[in-house]
Number of protein chains: 4
Amino acid sequence: MENNDVIELLKKDKFILYNGIELLEIGEGEATGRMNITENHLNGLGTVQGGAIFTLADYICAAAANSRGKAAVTLDGQMDYIKAVSKGTLYAHATEVFLRRTIASYHVEVRNEEGALIATLQSKVFRKDV
Amino acid sequence: MENNDVIELLKKDKFILYNGIELLEIGEGEATGRMNITENHLNGLGTVQGGAIFTLADYICAAAANSRGKAAVTLDGQMDYIKAVSKGTLYAHATEVFLRRTIASYHVEVRNEEGALIATLQSKVFRKDV
Amino acid sequence: MENNDVIELLKKDKFILYNGIELLEIGEGEATGRMNITENHLNGLGTVQGGAIFTLADYICAAAANSRGKAAVTLDGQMDYIKAVSKGTLYAHATEVFLRRTIASYHVEVRNEEGALIATLQSKVFRKDV
Amino acid sequence: MENNDVIELLKKDKFILYNGIELLEIGEGEATGRMNITENHLNGLGTVQGGAIFTLADYICAAAANSRGKAAVTLDGQMDYIKAVSKGTLYAHATEVFLRRTIASYHVEVRNEEGALIATLQSKVFRKDV
């Protein structure tokens, strides 16, 4: 898959659009994205819901994984929550841990505007020829 | 915390309401919930987005964890994706793996209407006195 | 692979033999094993070393995974440590969470002689035709 | 705890000594170690057993975690296996992902002599005052 096709597919993701998440950049095995926190992202305590943070991280991971010329399907994701956050913008950056023929792994860091680490995601994908 | 207070708090979760997820039942260390799949839950391939499935599983896990008389904050979540799904209703059921003074762990199974396993979540929480 | 061939292979595992771990039973997608705690399993605090507990759990997981007629190679393992232990016998029991064509997942519980939960392992394997 | 006390404790680990694992260096939130592969580390296929690789990674993680002036008890470990190896020396290097008051997380990379990535470990510890 060409990166343009990947970006095309990623931009058609309705769950992502509906929840206000944006892809900012995509490179070889890496990607960056953003989520401006709104009322709709908050849990009952008024902090950003874990599922919203996961969705941002997982989407940016998928972008990085699909930059490698094969269709990548997420196999798993190990999320660690570090710090609660209630406003501003969250940024996610995904880098590649390893790239094998059928399996690849990515590490994603989610940070706030001050650069504080909010959460990390370690995720493996299954790679299929397209 | 009384279960009524927990349910009150869980029902105020805006991200959950916005994404059409419902808590059906909450017991001692377990909980059940549901998500009726709509267009807004789909990714670019037309299947339910991983973040939507995670959000359902994580929320039901939080319900189970908060049934135990202490405030439970999610520490991590290990999601395994098993089967893609594109329509119908998803059900999540959380059970307790272990309950210690400050840490507890939950196993969540997400199934479709036919009972097929769609994803599993293994998640640990940090328990604080309230 | 026939179960007899699997057992043959599992019994040739030198690291397992060297560390005093035994396979007790192997069924369809499940297995049970044991480790009698000796001085050599202890860490600097005098409790069983995390690596020893992991090795027991991972080996019993491999036994369960290889009972399914394909060669199963471990892809990952998520270990949760619950309770420290310093003497007696540890038992591990592995059950199948899901079985797909190329990926399967197992849940392993490690318990002491009184049945208390010591650790859990959630592990995925890659399945290859033999 | 002073680093000298930590090193003292780590060096008393019998499981580590018995399995030929060495701590090479310990810094602030990081550590390095080594395992010279012998017959006793091999599984039935003649490659290094997953439990042996985990034990190396987990021990070096514990060294890094205990360099921070509090007693660190391992909470969990997520191991990803990347490449099989059957001889030579394995090196593990642990770095800190985050350090909170009661929880910290470490990323460990296990490499062979040529620097090829063999496995990664993502592990969280619980930190107690001593």
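Residues numbered from 1 in each chain as written. Chains lettered and ligands numbered in written order. Predicted model: local features only at pLDDT ≥ 70, side-chain atom pairs only at ≥ 80, totals over all residues.

1. Thoughts on the overall build of chain A
Part 1 of the argument: Broken down by element type, chain A carries three helices and six strands.
Part 2 of the argument: For chain A, the α and β elements follow one another from N to C terminus as α-α-β-β-α-β-β-β-β.
Part 3 of the argument: Against the globule reference of 14 Å for 130 residues, chain A gives a C-alpha radius of gyration of 14 Å, in line with a compact fold.
Part 4 of the argument: The principal-axis extent of the C-alpha atoms belonging to chain A is close to 45 × 25 × 25 Å.
Part 5 of the argument: Relative to its 130 residues, chain A shows a buried fraction of 51%.
Part 6 of the argument: Expressed as a percentage of contacts within chain A between residues at least 6 apart in sequence, the contacts between residues at least 24 apart total 66%. (Helix = DSSP H or I, 4+ residues; strand = E, 2+ residues; numbered from the N terminus. Rg over C-alpha atoms; globule rule 2.2 N^0.38 Å. Buried ≥ 20, exposed ≤ 12 C-beta atoms within 10 Å, placed from the backbone. Contact = placed C-beta atoms within 7 Å.)

2. What about the relation of the copies chain A and chain B?
Part 1 of the argument: Superposition record for chain A on chain B: RMSD 0.0 Å, screw rotation 180 degrees, translation along axis 0.0 Å. In short, the pair behaves as if placed about a two-fold rotation axis. In terms of C-alpha distance to the rotation axis, chain A has Gln78 of chain A as its closest residue, with the C-alpha 2.1 Å off the axis.
Part 2 of the argument: Both copies share a contact surface, since 100% of the interface residues of chain A are interface residues in chain B too. (Least-squares fit on C-alpha atoms with pLDDT ≥ 70 in both.)

3. Looking at the sheet that holds strand β3 (residues 71–81) of chain B
Part 1 of the argument: As summarised here, the arrangement of the twelve strands in space is β1(A)-β2(A)-β4(A)-β5(A)-β6(A)-β3(A)-β3(B)-β6(B)-β5(B)-β4(B)-β2(B)-β1(B), forming an open sheet in which the pairing is antiparallel. Strands with a single pairing partner mark the edges of an open sheet, and in this sheet they are β1 (21–26) of chain A together with β1 (21–26) of chain B. Shown here is a sheet whose adjacent strand axes are inclined to one another by a mean of 25 degrees, direction ignored.
Part 2 of the argument: Pairing geometry for strand β3 (residues 71–81) of chain A and β3 of chain B, over five bridges, is antiparallel. Considered in β3 of chain B, the bridge of Met79 of chain A is made with Gly77 of chain B. (Pairing = 2+ DSSP bridges. Axes fitted to C-alpha atoms, helices over the stretch in contact; angles between N-to-C directions.)

4. Topic: the pairing of β1 of chain A
Part 1 of the argument: Where β1 of chain A meets strand β2 (residues 31–36) of chain A, five bridges bridge the pair, whose relative direction is antiparallel. Among the inter-strand pairings, Glu25 of chain A is bridged to a residue of β2 of chain A, identified as Thr32 of chain A.

5. Side note on the interface of chain A and chain B
Interface size, as often reported, equals the accessible area lost upon joining of the parts.
Part 1 of the argument: If you look at the interface, chain A gives 29 residues, while chain B gives 29 residues.
Part 2 of the argument: Residue assignment for the side of chain A that touches chain B shows that the elements contributing at least two residues are α1 (3–11), α2 (14–18), α3 (50–65) and β3 of chain A.
Part 3 of the argument: Among the elements that make up the side of chain A that touches chain B, the one with the highest residue count is β3 of chain A (eight residues).
Part 4 of the argument: Taken together, the residues of the side of chain A that touches chain B sort by class into eleven nonpolar, eleven polar and seven charged. (Nonpolar A, V, L, I, M, F, W, Y, C, P; charged D, E, K, R; others polar.)

6. So, the sheet that holds strand β5 (residues 103–111) of chain D
Strand pairing in a sheet relies on backbone hydrogen bonds. The paired strands run either parallel or antiparallel.
Part 1 of the argument: What the twelve strands build is an open sheet, ordered β1(C)-β2(C)-β4(C)-β5(C)-β6(C)-β3(C)-β3(D)-β6(D)-β5(D)-β4(D)-β2(D)-β1(D); its pairing is antiparallel. In this open sheet, the two edge strands, each paired with only one partner strand, are β1 (21–26) of chain C together with β1 (21–26) of chain D. Across this sheet, the average inter-strand angle for adjacent strands is 25 degrees, counted without regard to direction.
Part 2 of the argument: Summarising the sheet, strand β2 (residues 31–36) of chain C and strand β4 (residues 89–99) of chain C pair through six bridges and their orientation is antiparallel. Along β4 of chain C, the bridge assignment pairs Asn36 of chain C with Thr89 of chain C.

7. Thoughts on the packing of α3 of chain A against helix α3 (residues 50–65) of chain B
Part 1 of the argument: Contact geometry of α3 of chain A with α3 of chain B gives a least axis separation of 9 Å together with a crossing angle of 150 degrees. If you check the angle between α3 of chain A and α3 of chain B, you find them roughly antiparallel. α3 of chain B is crossed by α3 of chain A, and the crossing has right-handed handedness. For the pair α3 of chain A and α3 of chain B, the contacting residues are Gly50, Gly51, Phe54, Thr55, Asp58 and Tyr59 of chain A in the first and Gly50, Gly51, Phe54, Thr55, Asp58 and Tyr59 of chain B in the second.
Part 2 of the argument: A per-class count over the contact of α3 of chain A with α3 of chain B returns four nonpolar, six polar and two charged. (Parallel < 35°, antiparallel > 145°, perpendicular 65-115°, else oblique. Left-handed = near helix turned anticlockwise from the far one by under 90°.)

8. Looking at the nonpolar core
Part 1 of the argument: Counting 168 residues, the largest nonpolar core has Ala57 of chain A, Ala57 of chain B, Ala57 of chain C together with Ala57 of chain D as its most contacted members.
Part 2 of the argument: Every residue in contact with Ala57 of chain B, bar those within four places of it in the chain, is listed here: Met79, Ala92, Val108, Val110, Ala119 and Leu121 of chain B. (Core = buried A, V, L, I, M, F, W, Y, C linked by C-beta atoms within 7 Å.)

9. A closer look at the confidence of the model for chain A
Predicted coordinates in areas of low pLDDT are best not read in detail.
Residue and element names in this part refer to chain A.
Part 1 of the argument: Taken as a whole, chain A shows an average pLDDT of 95; of its residues, 98% reach a score of 70 or greater.
Part 2 of the argument: Summarising per-element confidence for chain A, the mean pLDDT is lowest in α1 (84) and highest in β2 (98).
Part 3 of the argument: Reported confidences for the modelled complex are a pTM of 0.94 and an ipTM of 0.95. (pLDDT = per-residue confidence, 0-100.)

10. A word on the pairing of strand β6 (residues 117–128) of chain C
Residues and elements named next belong to chain C.
Part 1 of the argument: In terms of burial, β6 is largely enclosed, as nine of its twelve residues are buried.
Part 2 of the argument: As paired strands, strand β3 (residues 71–81) and β6 are joined by ten bridges and run antiparallel to one another. Note that in β6 the partner of Val73 across the bridge is Phe126.
Part 3 of the argument: Looking at chain direction, strand β5 (residues 103–111) and β6 are connected through nine bridges and run antiparallel. Bridge assignment links Ser105 to a residue of β6, and that residue is Lys124.
Part 4 of the argument: Taking the residues that link successive antiparallel strands as the turn, the β5-β6 hairpin has five residues, and the phi of Gly115 there is positive, at about 90 degrees.

11. Remarks on the environment of Leu24 of chain C
Part 1 of the argument: Inspection of the secondary structure assignment puts Leu24 of chain C in strand β1.
Part 2 of the argument: For the pair Leu24 of chain C and Arg34 of chain C, spaced ten residues apart in sequence, the C-alpha to C-alpha distance is 7.0 Å.

12. As for the environment of Leu42 of chain B
Part 1 of the argument: Inspection of the secondary structure assignment puts Leu42 of chain B in the loop between β2 (31–36) and α3.
Part 2 of the argument: The class for Leu42 of chain B is buried, based on 20 C-beta atoms found within 10 Å.
Part 3 of the argument: If sequence neighbours within four positions are ignored, Leu42 of chain B has contacts with Lys14 and Phe15 of chain A together with Thr47, Val48, Gln49 and Ser86 of chain B.

13. Some points on the environment of Gly115 of chain D
Residues and elements named next belong to chain D.
Part 1 of the argument: Along the chain, Gly115 turns up in the loop between β5 and β6 (117–128).
Part 2 of the argument: C-beta crowding within 10 Å serves as the criterion here: with 8 such atoms nearby, Gly115 is assigned to the exposed category.
Part 3 of the argument: A C-alpha to C-alpha distance of 20 Å links Gly115 and Glu96, two positions 19 residues apart in sequence.

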